[in-house]
Amino acid sequence: KMGANQSTTQSYLQYKNDFELVIRATKDLEHLLETQFGAPSSKQDGLHDKITHAQQSANLSKETVKKMRYLVTIRNKLVHDH
C-alpha cells in the first residue's frame, strides 16, 4: 500500500508548470525509495544514492534506473540553475 501522501497519476495533472511537477514527482520517488526499497532516509544521502541502493537491493532494470536518474537530473538542474 502506498503512503497516504503519495500522489496519484491524476493528481499530477493539477500542477501549473513543469517545475512543480518535477519537484512533486521526485519527492514521491524519494518516498518510494525509502519506504518500499529500504533506501536510507538520511539528508546526507541524495536521490542518486537512494536509486543505487534500490537498484542493488531490488535488482531494478537498467531502463528503470535510467529513467529515475533522468528525472533526478532534471530536478537538480531546475533547482540549482534557477
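Quick caveat: nothing in here was measured; it's all calculated off a predicted structure.

So, how was this worked out
- Residues numbered from 1 in each chain as written.
- Predicted model: local features only at pLDDT ≥ 70, side-chain atom pairs only at ≥ 80, totals over all residues.
- Heavy atoms only, no water.
- Helix = DSSP H or I, 4+ residues; strand = E, 2+ residues; numbered from the N terminus.
- Buried < 20%, exposed > 50% of the residue type's maximum accessible area, 1.4 Å probe, protein only.
- Areas by Shrake-Rupley, 256 points an atom, 1.4 Å probe, with all protein chains shown as cover.
- Axes fitted to C-alpha atoms, helices over the stretch in contact; angles between N-to-C directions.
- Parallel < 35°, antiparallel > 145°, perpendicular 65-115°, else oblique.
- Contact = heavy atoms within 4.5 Å.
- Nonpolar A, V, L, I, M, F, W, Y, C, P; charged D, E, K, R; others polar.
- Expected span 1.5 Å × (residues − 1).
- Arc of directions from axis to C-beta.
- Polar contact = N/O pair within 3.5 Å; in protein donor to acceptor, adjacent residues only side chain to side chain.
- pLDDT = per-residue confidence, 0-100.

### Side note on the overall build of the protein chain
Line of reasoning, step 1. The helix and strand tally for the protein chain stands at three helices and zero strands.
Line of reasoning, step 2. Written out in order from the N terminus, the α and β elements of the protein chain read α-α-α.
Line of reasoning, step 3. Buried positions account for 22% of the 82 residues belonging to the protein chain.
Line of reasoning, step 4. In the form shown here, the protein chain has an accessible surface area of approximately 6,000 Å², with 52% of it arising from carbon and sulfur atoms.

### Re the packing of helix α2 (residues 47–58) against helix α3 (residues 62–81)
Line of reasoning, step 1. Axis separation between α2 and α3 bottoms out at 10 Å; the angle between their running directions is 170°. The angle between the axes of α2 and α3 places the two elements in the roughly antiparallel class. Across from Leu-47, His-48, Ile-51, Thr-52 and Gln-55 in α2, the residues of α3 making contact are Val-65, Met-68, Arg-69, Val-72, Thr-73, Arg-75 and Asn-76.
Line of reasoning, step 2. Looking at the contact of α2 with α3, its residues break down into five nonpolar, five polar and two charged.

### Some points on α2
Line of reasoning, step 1. Compared with the 16 Å implied by 1.5 Å per residue over twelve residues, the 16 Å span of α2 between its first and last C-alpha is a close match.
Line of reasoning, step 2. Among the residues of α2, Leu-47, Lys-50, Ile-51 and Ala-54 are the ones counted as buried. The arc that holds every buried residue of α2, seen down its axis, measures 100°, which confines them to one face.
Line of reasoning, step 3. Lining the buried residues of α2 we find α1 (18–36) and α3.

### With respect to the side chain of Lys-50
Line of reasoning, step 1. Note on placement: Lys-50 falls in helix α2.
Line of reasoning, step 2. Judged by its relative accessible area of 1%, Lys-50 falls in the buried class.
Line of reasoning, step 3. A distance of 2.7 Å separates a polar atom in the side chain of Lys-50 from a polar atom in the side chain of Glu-30.
Line of reasoning, step 4. Apart from residues no more than four positions distant in its own chain, Lys-50 is found in contact with Glu-30, Leu-33, Glu-34, Ala-39, Pro-40, Ser-41, Ser-42 and Asp-45.

### Here we look at the confidence of the model for the protein chain
Line of reasoning, step 1. Model confidence for the protein chain is summarised by a mean pLDDT of 86, while 87% of its residues fall at 70 or above.
Line of reasoning, step 2. α1 is the least confidently modelled element of the protein chain, averaging 92 in pLDDT, while α2 averages 95, the highest of any element.

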